[in-house]
Amino acid sequence: MSDTHSEPRRFLVRHPITYWSCKRRIQALRKYQDLVRHRERSPESLRFAQRLEDLIGPFKDQLERMHLLEQEIARLSPIVFHILQDVGVPTSVYRKVEEFPAGSAIESTQKEEKYDLIVGYLQVPVGSIEAQRNCDLLVTILEEGIGMYQSRKQIAWREIFYPTVWLAYIVRLPITILERAGVRPSDQMITDIYGKLLQAAMLVLIVLLGLKLGFTIPWERIITYILK
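This is a predicted model, so every value here is computed, not measured.

## Focus on the environment of Pro-78
Now for step 1: Mapped onto the elements of the fold, Pro-78 is located in helix H4 (residues 62-86).
Now for step 2: For Pro-78, a relative accessible area of 45% puts it in the partly exposed group.
Now for step 3: Measuring from C-alpha to C-alpha, the distance between Pro-78 and Ile-118 comes to 8.1 Å, with 40 residues separating the pair along the chain.

## Remarks on the packing of aromatic side chains
Now for step 1: Going through the model one piece at a time under the given rule, you end up with 4 aromatic pairs.
Now for step 2: With centroids separated by 5.6 Å and ring planes inclined at 90°, the aromatic side chains of Tyr-19 and Trp-20 adopt a geometry described as edge-to-face.
Now for step 3: For Tyr-19, a relative accessible area of 17% corresponds to the buried category.
Now for step 4: For the pair Trp-166 and Tyr-169, a centre-to-centre distance of 6.4 Å together with 55° between the ring planes defines the contact as tilted. Of this pair, Trp-166 and Tyr-169 both sit in helix H6 (residues 163-171), separated by 3 residues, roughly a single helical turn.
Now for step 5: Residue class for Tyr-169 comes out partly exposed when judged on its relative accessible area of 35%.
Now for step 6: Through pairs of rings, three or more aromatic residues link up here, namely Tyr-19, Trp-20, Trp-157 and Phe-161.
Now for step 7: It is Arg-39 that lies over the ring of Tyr-121; its NZ or CZ is 4.8 Å from the centre.

## Examining the environment of Gln-50
Now for step 1: One can find Gln-50 in the loop between helix H2 (43-46) and helix H3 (52-56).
Now for step 2: Sequence separation between Gln-50 and Asp-34 is 16 residues; the distance between their C-alpha atoms is 6.5 Å.
Now for step 3: Aside from chain neighbours lying at most four places away, what touches Gln-50 is Asp-34, His-38 and Leu-55.

## Description of the packing of helix H1 (residues 19-40) against helix H5 (residues 129-159)
Now for step 1: Taken N-terminus to C-terminus, the directions of H1 and H5 make an angle of 165°; their axes are 9 Å apart at the nearest point. Classed by the angle they form, the pair H1 and H5 counts as roughly antiparallel. For the element pair H1 and H5, the recorded crossing hand is left-handed.
Now for step 2: Across the contact of H1 with H5, the residue classes tally to 15 nonpolar, 4 polar and 8 charged.

## Description of the nonpolar core
Now for step 1: Leu-29, Tyr-32, Leu-35, Val-80, Leu-84, Leu-138 and Tyr-149 are the most contacted members of the largest nonpolar core, which has 34 residues in total.
Now for step 2: If one sorts the elements of this core by residue count, H5 sits on top with 8 residues.
Now for step 3: Each residue touching Leu-29, except ones within four places of it in the same chain, is listed here: Val-80, Ile-83, Leu-84, Leu-142, Gly-145, Ile-146 and Tyr-149.

## Remarks on the side chain of Ser-42
Now for step 1: Its place among the elements puts Ser-42 in the loop between H1 and H2.
Now for step 2: Non-local contacts of Ser-42, meaning those with residues more than four positions away in its chain, are made with Arg-37 and Gln-132.

## What about unusual backbone geometry?
Now for step 1: A positive phi angle is found at Arg-41, which is not glycine, with a value near 60°.
Now for step 2: Among the structural elements, Arg-41 can be located in the loop between H1 and H2.

## Quick word on the side chain of Arg-25
Now for step 1: Turning to its location among the elements, Arg-25 is positioned in helix H1.
Now for step 2: There is a polar contact of 2.9 Å between the side chain of Arg-25 and the side chain of Tyr-149.

## Notes on the environment of Arg-47
Now for step 1: One can find Arg-47 in the loop between H2 and H3.
Now for step 2: Using a relative accessible area of 65% as the deciding quantity, one classes Arg-47 as exposed.
Now for step 3: Note: C-alpha distance between Arg-47 and Arg-37 (10 residues apart in sequence) is 9.0 Å.
Now for step 4: Here the side chain of Arg-47 touches Glu-44 through a polar contact of 3.5 Å, landing on its backbone oxygen.

Rules of the game
- Residues numbered from 1 in each chain as written.
- Predicted model: local features only at pLDDT ≥ 70, side-chain atom pairs only at ≥ 80, totals over all residues.
- Heavy atoms only, no water.
- Helix = DSSP H or I, 4+ residues; strand = E, 2+ residues; numbered from the N terminus.
- Buried < 20%, exposed > 50% of the residue type's maximum accessible area, 1.4 Å probe, protein only.
- Phe/Tyr/Trp six-rings, centres within 6.5 Å; stacked < 30°, edge-to-face > 60°.
- Lys NZ or Arg CZ within 6 Å of the ring centre and 35° of its normal.
- Contact = heavy atoms within 4.5 Å.
- Axes fitted to C-alpha atoms, helices over the stretch in contact; angles between N-to-C directions.
- Parallel < 35°, antiparallel > 145°, perpendicular 65-115°, else oblique.
- Left-handed = near helix turned anticlockwise from the far one by under 90°.
- Nonpolar A, V, L, I, M, F, W, Y, C, P; charged D, E, K, R; others polar.
- Core = buried A, V, L, I, M, F, W, Y, C linked by side-chain atoms within 4.5 Å.
- Polar contact = N/O pair within 3.5 Å; in protein donor to acceptor, adjacent residues only side chain to side chain.

As structure tokens, then:
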């Protein structure tokens, strides 16, 4: 059975990730990586991991150790999956699976299927050849994610001091409010929102300019225009 990367890298599709968010995500990726190393217990990989007691807390015996370890992996799996997807690091591979036709136990065919390393990680028995292979691939993929977020963190630190970045957050505020409310605005909705805001800004500018120049402001017409 062979595993290869199946998906090309994607560009960042969400708004830029902040410096503090990068730090939290790197911490989550490192913790997940160390949990995977402790589950497989490979001497070459385990020496780079934190102590398990620091990751999951104290445990009484090996049974409780495995229970707490897999519990923490299960809790972090969906979080890590989305963290990697956000920077375009794929977690799926193609693997070849042996298939035996009905009534034949000798002749077989190879079928290629898509397999997600994070989603299916706990389904593979510990200590198997497949588990060790998945562990090596997963550690590498997590390292790729850590590298992406370290690079983004350096850029995000510099952006803290850029006025244009703060202005961009202010301009994006209407969209952020909609997203927080659970609304996923379409391109047309975004165009309409910013079109209305631009009209309002121009109207305010005209009114202020008129007041400064001493013109009489036709408030009735302005109110009628706004209501339209």
